[in-house]
Amino acid sequence: MTLYTTSPEVQAALDAGNPVVALESTIITHGMPWPQNLEMARKVEDTIRENGATPATIAVMDGTLHVGLTDEQLEALAQAKNVAKLSRADMAVCMAQGRTGATTVAATMIAARLAGIGVFATGGIGGVHKGAEESFDVSADLQELAQSPVTVIAAGAKAILDLPKTLEVLETLGVPTIAVGQDDLPAFWSRSAGHAAPLRMDSAAEIARAQVMRAALGLPGGQLVANPIPQEAEIPHEVMAPIIAQATADAETHGIRGKQVTPYLLQRIFELTEGRSLTANIALVLNNARLGAEIARELCTIRGELA
Ligand code: PSU
Ligand code: MN
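The structure presented is a predicted model; accordingly, all values stated were derived computationally and were not measured.

A.B. asks: How should I be thinking about the overall build of the protein chain in this particular structure?
C.D. replies: For the protein chain, the helix and strand inventory stands at 13 helices and eleven strands. Over its C-alpha atoms the protein chain spans a radius of gyration of 18 Å, differing by no more than 12% from the 19 Å that the globule rule assigns to 307 residues. Across its three principal axes, the protein chain shows a C-alpha extent of roughly 55 × 40 × 35 Å. Buried residues in the protein chain amount to 55% of all 307 residues.

A.B. asks: Any chance you could explain the nonpolar core here in plain terms?
C.D. replies: In globular proteins that are soluble, nonpolar side chains generally tend to be buried together. Counting 66 residues, the largest nonpolar core has Met-40, Val-44, Trp-189, Ile-269 and Ile-295 as the members making the most contacts within it. With 13 residues, the single largest contributor to this core is helix α13 (residues 276-306). Core analysis: the second largest hydrophobic core is formed by 35 residues, Ala-84, Met-95, Ala-115 and Leu-145 among them.

A.B. asks: What should I look at first to understand the side chain of Glu-144 in this one?
C.D. replies: With respect to the element layout, Glu-144 can be found in helix α8 (residues 140-147). The class of Glu-144 is buried, set by a relative accessible area of 1%. For Glu-144, the residues in contact, after removing those within four places along its chain, are Arg-88, Ala-106, Met-109 and Ile-110.

A.B. asks: I would appreciate a short explanation of the site of ligand 1 in the present structure.
C.D. replies: Near ligand 1 there are 17 residues, and of these Glu-24, Lys-85, Val-105, Ser-139 and Asp-141 occur at the shortest range. A distance of 2.8 Å is found between an oxygen atom of ligand 1 and a backbone nitrogen or oxygen belonging to Val-105. Asp-141 is positioned with one of its side-chain polar atoms (N or O) 2.7 Å from an oxygen atom of ligand 1. Of all elements in the fold, only α2 (26-29) and α12 (261-272) reach the threshold of two or more residues within the shell around ligand 1.

A.B. asks: Looking at this structure, I do not really get a nonpolar patch on the surface. What am I missing?
C.D. replies: Residues Met-213, Leu-217 and Leu-219 make up a contiguous nonpolar surface patch of roughly 320 Å² in combined accessible area. Here Leu-219 shows up in the loop between α10 (204-216) and β11 (223-226).

Here is what the cut-offs are and how they apply
Residues numbered from 1 in each chain as written. Chains lettered and ligands numbered in written order. Predicted model: local features only at pLDDT ≥ 70, side-chain atom pairs only at ≥ 80, totals over all residues. Heavy atoms only, no water. Helix = DSSP H or I, 4+ residues; strand = E, 2+ residues; numbered from the N terminus. Rg over C-alpha atoms; globule rule 2.2 N^0.38 Å. Buried < 20%, exposed > 50% of the residue type's maximum accessible area, 1.4 Å probe, protein only. Core = buried A, V, L, I, M, F, W, Y, C linked by side-chain atoms within 4.5 Å. Contact = heavy atoms within 4.5 Å. Near = heavy atom within 4 Å. Polar contact = N/O pair within 3.5 Å; in protein donor to acceptor, adjacent residues only side chain to side chain. Patch = residues over 30% accessible without salt bridge, like charges linked within 9 Å, V, L, I, M, F, W, Y side chains within 5 Å. Areas by Shrake-Rupley, 256 points an atom, 1.4 Å probe, with all protein chains shown as cover. Salt bridge = Lys/Arg side-chain N within 4 Å of Asp/Glu carboxyl O.

Structure representation (C-alpha cells):
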C-alpha cells in the first residue's frame with residue numbers, strides 16, 4: 001500500500017535536497033470562491049517557484065493523498081463540489097473510503113511531515129473561536145502545531161477567533177508564536193489587533209535556525225510564524241471589527257456549528273466587505289508564500305552546513 005503520491009516536480013526537489021514549501025487545499029475549496037480560488041492557488045505556486053523553492057499543494061483525491069498536484073488536479077479540485085474538509089480526525093477515513101478531501105492546516109502538516117517537508121505557507125490558521133467557553137470550538141490546528149515538526153507561515157490568526165485565548169492555548173501547548181518584523185501579533189486582514197506577540201524574529205535565517213534548534217532539543221511540534229499582511233493590502237482593524245461582529249452574529253442566528261463555522265464566516269465577511277476581504281486574503285497568502293520559500297531555502301543551507 002502506498003500511503004501517498006508525490007508529483008514528479010516535488011519528488012525531484014526532494015531527491016535533490018532542494019527547498020520545498022507545502023500548501024494546504026482547504027483554502028482553495030472552502031476559503032475562497034471560484035474562480036479566484038484557482039487563480040490564487042496558481043499564483044501562490046508560481047510565487048514559490050520565483051523565490052527558489054518548489055510548491056507542494058496537498059489534497060486527498062479519490063482516496064489518494066497527493067503531495068504536489070498537477071495543474072489539471074489543481075483545477076479539478078478548485079471546481080469540485082462537496083469536497084470534504086479534512087483535519088487530523090477525518091483524513092484516514094476519507095482515504096479509506098476513496099473519497100476526495102481538502103486538507104486544513106492540521107492535515108497538511110501531517111502530510112508534510114510524512115513527505116519530509118519542513119515548511120508550509122498558508123493564509124490563517126484555525127484557533128480558539130469566540131465563545132469557545134460555551135461551544136468548546138478549538139481548532140485541531142493548534143494541537144497539530146504541538147505535534148508535527150513543521151514551520152507554518154500564516155498572517156496570524158483571523159480576528160474571527162479569540163486571539164488572546166488562541167495565544168494562551170498555543171503557549172500551553174509549547175508552540176512558539178513568532179511575529180515577523182514587528183512586536184504585535186498580525187491579525188490576518190489587519191497588521192495588528194492590539195495584541196503583543198509572545199516572540200519576534202526579523203529574518204528567515206533566524207526562523208530556520210529556531211526550527212533546527214527545536215528539533216535538536218528533541219522537542220516535537222512546529223512553529224507558528226505570523227507574517228503581517230503588506231501595508232498596502234491591509235484593512236485596518238477598526239474597519240474589520242464591526243464586520244467580524246456582524247458575521248459572528250449571523251453565524252449564531254443561522255445555527256452554524258463545527259466545521260462550517262470558518263467557511264461560513266469567511267464567505268459572510270467577503271459579502272459584507274464587498275469582496276475587499278478576498279483581495280486582502282490573496283495578498284497575504286502571496287506574501288506568506290514568499291517568506292515560506294525564503295525559510296525553506298535557509299533550512300536547506302543550514303542542513304547543508306550540518307551534513
Ligand atoms: N484561513 C483562511 N482560509 C481558510 C482557512 C483558514 O483564510 O480556508 C482554513 C484552514 O484550512 C484552517 C481551517 O486549517 O480553515 C481551520 O478550520 P477549523 O477552524 O474548522 O479547524
Ligand atoms: Mn472548529
